[in-house]
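Chain by chain, the residues:
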Amino acid sequence: MSENGLSVNEAIKKLEYYCSYQDRCYKEVITKLKSLGMFQTAIDHILDHLVTNNFLNEERFAKSFARGKHKFKFWGKRRIEQELKFRDISSFNIKIALKEIEADYLSNFYTLAEKKWLTINEDSLEKKKRKWVDYLMRKGYESQLIFDYLKELQ
């Protein structure tokens, strides 16, 4: 039972749907359970159920998160790693997740970098370079990769 009268079985059904709709990490599931007013013993029981029945899988979450953020938001490895750490994903699973994006990583970087370079309207070449570098750093790309490509562009 929860603080608001929700039974454990009702919470399990809600969380099964919540986790099947989209891959979730432990942190998101725990936050959801706390928002439902569940007590810690119930939270532990529900987490165990979700893991046992494969509704909750940290490795699967990390892989799909990395693929999605890289493919649709063009995030780099550093940004993805930072966001996964924020969600308390283990270093082991972060490494596995980053391997998911290796095949497209450089081509996506070059596409994004080129497109951004062409869209920056700045009279000063130095300001243009600064804006371009800042943008790619915020996206989470490695500084070495950015500066090597900047040399190529010049």
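Going by the structure above, here's the rest.
Notes on the structure in this doc start here. What you are looking at is a predicted structure, and each value in this text was computed from that prediction instead of being measured. (Residues numbered from 1 in each chain as written. Predicted model: local features only at pLDDT ≥ 70, side-chain atom pairs only at ≥ 80, totals over all residues. Heavy atoms only, no water.)

**Brief notes about the overall build of the chain**
Consideration 1: A tally of helices and strands in the chain yields nine helices and zero strands.
Consideration 2: Start at the N end of the chain and walk to the C end: the helices and strands fall as α-α-α-α-α-α-α-α-α.
Consideration 3: Since a compact globule built from 154 residues should have a radius of gyration of about 15 Å, the 21 Å found for the chain marks it as more spread out than a globular shape.
Consideration 4: The dimensions of the chain, computed from C-alpha atoms along their principal axes, are 65 × 30 × 20 Å.
Consideration 5: Looking at the 154 residues of the chain, the share that counts as buried comes to 39%.
Consideration 6: Here the contacts in the chain between residues at least 6 apart in sequence split such that 62% fall between residues at least 24 apart.
Consideration 7: With an accessible surface of roughly 9,400 Å², the chain has 50% of that area assigned to carbon and sulfur atoms.
Consideration 8: Here the chain contributes 29 positive and 23 negative side-chain charges, whose respective centroids are spaced 4 Å apart. (Helix = DSSP H or I, 4+ residues; strand = E, 2+ residues; numbered from the N terminus. Rg over C-alpha atoms; globule rule 2.2 N^0.38 Å. Buried < 20%, exposed > 50% of the residue type's maximum accessible area, 1.4 Å probe, protein only. Contact = heavy atoms within 4.5 Å. Areas by Shrake-Rupley, 256 points an atom, 1.4 Å probe, with all protein chains shown as cover. Lys, Arg positive; Asp, Glu negative; His and termini not counted. Charge placed at Lys NZ, Arg CZ, Asp CG, Glu CD.)

**Quick notes on the side chain of Arg87**
Consideration 1: Looking at the secondary structure, you find Arg87 in the loop between helix H5 (77–86) and helix H6 (91–99).
Consideration 2: Looking at Arg87, its side chain comes within polar contact range of the side chain of Glu83, at 3.0 Å. (Polar contact = N/O pair within 3.5 Å; in protein donor to acceptor, adjacent residues only side chain to side chain.)

**Considerations on the layout of surface pockets**
Consideration 1: Quantified by volume, the largest pocket comes out at close to 160 Å³.
Consideration 2: Lining the largest pocket, in full, are Gln22, Asp23, Glu28, Phe61, Ser64, Phe65, Gly68, Lys69 and Arg87.
Consideration 3: When residues of the lining of the largest pocket are assigned to their parent elements, the largest contribution, five residues, is made by helix H4 (residues 58–73).
Consideration 4: For the lining of the largest pocket, the per-class residue count stands at two nonpolar, three polar and four charged. (1 Å grid on protein atoms, 1.4 Å probe; cavity = no way out; pocket = protein on both sides within 12 Å on 5 of 7 lines; lining within 4 Å. Points joined across faces, edges and corners; volume = space filled by probe spheres on them. Nonpolar A, V, L, I, M, F, W, Y, C, P; charged D, E, K, R; others polar.)

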